[in-house]
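Inside the fold
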Amino acid sequence: MGKIGTVGIIGAGQMGGGIAHVAALAGYDVLLYDISKDRIEKGIATVSGNMARQVASGKMPEQTRNAAVGRIRPAETMQDLAGADLVIEAATEDETVKRKIFQQLCPVLNPEALLATNTSSISITRMAASTDRPERFIGIHFMNPVPVMKLVELVRGIATVDQTFEAAKAFVHSLDKTITVAEDFPAFIVNRILLPMINEAIYVLYEGVGTVEGIDTAMKLGANHPMGPLQLADFIGLDTCLSIMQVLHDGLSDTKYRPCPLLVKYVEAGWLGRKAGRGFYDYRGETPVPTR
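Per chain, residues are indexed from 1 in the order of the written sequence. Only residues with pLDDT of at least 70 are given local features in this predicted model, and only at 80 or more are side-chain atom pairs given and counted; all residues enter the totals for whole chains, interfaces and linings. Note that water and hydrogens are dropped before the side-chain values are worked out from all heavy atoms of the structure.

Our focus in this paragraph is the packing of helix α8 (residues 212–222) against helix α9 (residues 229–236). Where α8 contacts α9, the two axes come as close as 7 Å, and the packing angle between them is 100°. Relative to α9, the element α8 is oriented roughly perpendicular. Contacts from V212, I215, D216, M219 and K220 of α8 reach α9 at P229, L230 and Q231. The residue classification treats Ala, Val, Leu, Ile, Met, Phe, Trp, Tyr, Cys and Pro as nonpolar and Asp, Glu, Lys and Arg as charged. All others, Gly included, are polar. Across the contact of α8 with α9, the residue classes break down as 5 nonpolar, 1 polar and 2 charged. Axis lines are fitted through C-alpha atoms, for helices just across the contact stretch, and the angle between N-to-C directions can take any value from 0 to 180 degrees. Think of it this way: any DSSP run of H or I at least four residues long counts as a helix, any run of E at least two long counts as a strand, and we number them from the N terminus. In these notes the angle categories are as follows: under 35 degrees is roughly parallel, over 145 is roughly antiparallel, 65 to 115 is roughly perpendicular, and the rest is oblique. In this description, contact between two residues means that some pair of their heavy atoms is separated by no more than 4.5 Å.

Turning our attention to the domain arrangement of the chain. Assigned domains of the chain: these are domain 1 (6–183) and domain 2 (190–290). As used throughout, domain bounds are those supplied by an automatic or database domain assignment. The C-alpha centroid of domain 2 is placed 27 Å from the C-alpha centroid of domain 1. Counting residues at the interface gives 11 residues for domain 1, matched by 6 residues for domain 2. Buried area is understood as the total, over both parts, of accessible area removed when two parts are fitted together, assessed with a 1.4 Å probe. Summing the contributions of domain 1 and of domain 2, the shared interface buries around 670 Å²; its carbon and sulfur component is 59%. By the criterion of area lost to domain 2, the three top residues of domain 1 are E93, S120 and S121, representing 47% of everything that side buries. Any carboxyl oxygen of Asp or Glu within 4 Å of a side-chain nitrogen of Lys or Arg constitutes a salt bridge here. Counting across the interface, domain 1 meets domain 2 through 0 salt bridges. N or O atoms closer than or at 3.5 Å make up a polar contact, with two conditions inside protein: a donor-capable atom paired with an acceptor-capable one, and, for residues adjacent in sequence, both atoms drawn from side chains. Joining domain 1 to domain 2, the criterion identifies 2 residue pairs in polar contact (both at pLDDT 80 or more).

All right, on to the sheet that holds strand β7 (residues 151–156) then. Ordered in space as β3-β2-β1-β4-β5-β6-β7-β8, the 8 strands form an open sheet in which the pairing is mixed. A strand with exactly one partner marks an edge of an open sheet, and here the two such strands are β3 (72–75) and β8 (178–182). In this sheet, adjacent strand axes meet at a mean angle of 25° when their direction is disregarded. Whether two strands pair comes down to DSSP finding at least two bridges between them. When strand β1 (residues 6–10) meets strand β2 (residues 29–33), the two strands line up parallel, connected through 5 bridges. The residue of β2 that forms the bridge with V7 is V30. Relative to β3, helix α2 (residues 37–56) is tilted by about 165°, and along the sheet it contacts β2 and β3.

Let us now look at the nonpolar core. With 39 residues, the main nonpolar core has I140, F142 and F171 as its most contacted residues. At 6 residues, helix α1 (residues 14–25) tops the list of elements feeding residues into this core. Residues in contact with F142, not counting those within four places in the same chain, are M15, I19, V22, I88, N118, L151, V152, F171 and L175. Here, nonpolar core means buried Ala, Val, Leu, Ile, Met, Phe, Trp, Tyr and Cys residues that are tied together by side-chain atoms lying within 4.5 Å of each other. Each residue gets one of three labels from its accessible area relative to the maximum for its type: buried under 20%, exposed over 50%, partly exposed in between, using a 1.4 Å probe on protein chains only.

Given below as structure tokens:
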């Protein structure tokens, strides 16, 4: 299996942009793809801005930032990813969308290239089986925000060969990240534990046991969490929280993973958290205000 030199990333949003950020800093050439040129340009501008803040805070020199940003190039079509040694899919947490991407990508991809998904919950084995290279397919799940969070979950599908796993492991280590290896079961390790806690916090709100502010304060000061569970849900995105709970509920057939009806209602309203301006908090003013 050849050395990874060029990394393709599908999805220029928060996760894809974050992966591009750390890969470019580690010296990889990065090809960033999304469904529109505007999204790609916005993604690269966000990476550049985030690196500028690191320069301003003394975490990196200006020349390092300039070199890293210079390594990120737009891939305006799937065909532009043909030369990548590794492609990481970081699209929305929807299996149908991801499968469609793999169907379009595989015919143009180098037969030797590795394919990875940044999914936070969906079966690696099932997605790998929908590609032309299940043995070269692996889950590389970065935490959000990618430049800050040290952990990466590596998840092998049933067909993933040792060479793929070792290449992925070496790649993640080169980004100065810490690896935890998870088995291919719904939501892996972090979200298998984290999302039911968030869902339970939403049930506590739904049942009137506590207010938004009360629940978040209780967990920050009573459990020493850096962020309250409802604030964290807004940061993750309530649509993503719901998707993961649905994967857990469907995949494990256990009622303890039933998504809270209040979470469903917020998603139906389009109140998806920070990215939408409203979730369990309203972010449209100077300071966030609880919505319940």
